[in-house]
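This is what each chain is made of:
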Amino acid sequence: TAPTLTINSPMASIQHGTFVGDLYVSQDNFELKDAKITGNVYFTTDSAKSTFKMDEDSSVSGKQEVKKP
């Protein structure tokens, strides 16, 4: 749990757990694997959003949108 978490590493992932807070994704090819996000996922680029992957066991409770700084 944290107010926000920013992903700045290329090809990063969150696996097997729950994150409570808003996630900011700044890099391409971010993945959720058996993970739950209780909050929003904001992408800082269109490319980061278009390359985002989430398996069928993962979920995001909030919005998934591009929010440029």
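Keep in mind that what you see is a predicted model, and the values were worked out from it rather than measured.

What counts and what doesn't
- Residues numbered from 1 in each chain as written.
- Predicted model: local features only at pLDDT ≥ 70, side-chain atom pairs only at ≥ 80, totals over all residues.
- Heavy atoms only, no water.
- Core = buried A, V, L, I, M, F, W, Y, C linked by side-chain atoms within 4.5 Å.
- Buried < 20%, exposed > 50% of the residue type's maximum accessible area, 1.4 Å probe, protein only.
- Helix = DSSP H or I, 4+ residues; strand = E, 2+ residues; numbered from the N terminus.
- Contact = heavy atoms within 4.5 Å.
- Pairing = 2+ DSSP bridges.
- Axes fitted to C-alpha atoms, helices over the stretch in contact; angles between N-to-C directions.

Peer 1: A description of the nonpolar core should follow, citing residues and the corresponding values.
Peer 2: Judged by nonpolar contacts, the single largest core of 15 residues is most densely connected at Ile 14, Leu 23, Val 25, Phe 30, Leu 32, Ile 37 and Val 41. Among the secondary structure elements, those contributing two or more residues to this core are strand E2 (13–20), strand E3 (22–25), strand E4 (31–38) and strand E5 (41–43). A total of 3 residues in this core trace back to one element, the largest contributor, which is E4.

Peer 1: Can you lay out the environment of Val 20 for me, pointing to particular residues and giving the numbers?
Peer 2: Take Val 20: it is sitting in strand E2. Here Val 20 falls in the partly exposed class, since its relative accessible area comes to 34%. With near-sequence residues (within four places) excluded, Val 20 lies in contact with Thr 1, Ala 2 and Thr 38.

Peer 1: Break down the sheet that holds strand E1 (residues 4–7) for me, citing the residues and quoting the values.
Peer 2: The sheet built from 4 strands is open, its strands ordered E1-E3-E5-E8 with parallel pairing. Edge strands, defined here as strands with exactly one partner in the open sheet, are E1 and strand E8 (64–66). Strand after strand, the sheet turns through a mean of 20° between neighbouring axes, direction not considered. Examined bridge by bridge, E3 and E5 share 3 bridges and lie parallel to one another. Bridge assignment links Val 25 to a residue of E5, and that residue is Phe 43.

Peer 1: Account for the environment of Ala 48, with residues named and values stated.
Peer 2: Tracing the backbone shows Ala 48 in helix H1 (residues 46–50). For Ala 48, a relative accessible area of 0% corresponds to the buried category. Through-space distance from the C-alpha of Ala 48 to that of Pro 10 is 9.8 Å; in sequence the pair is 38 residues apart. For Ala 48, the residues in contact, after removing those within four places along its chain, are Val 25, Gln 27, Asp 28 and Phe 43.

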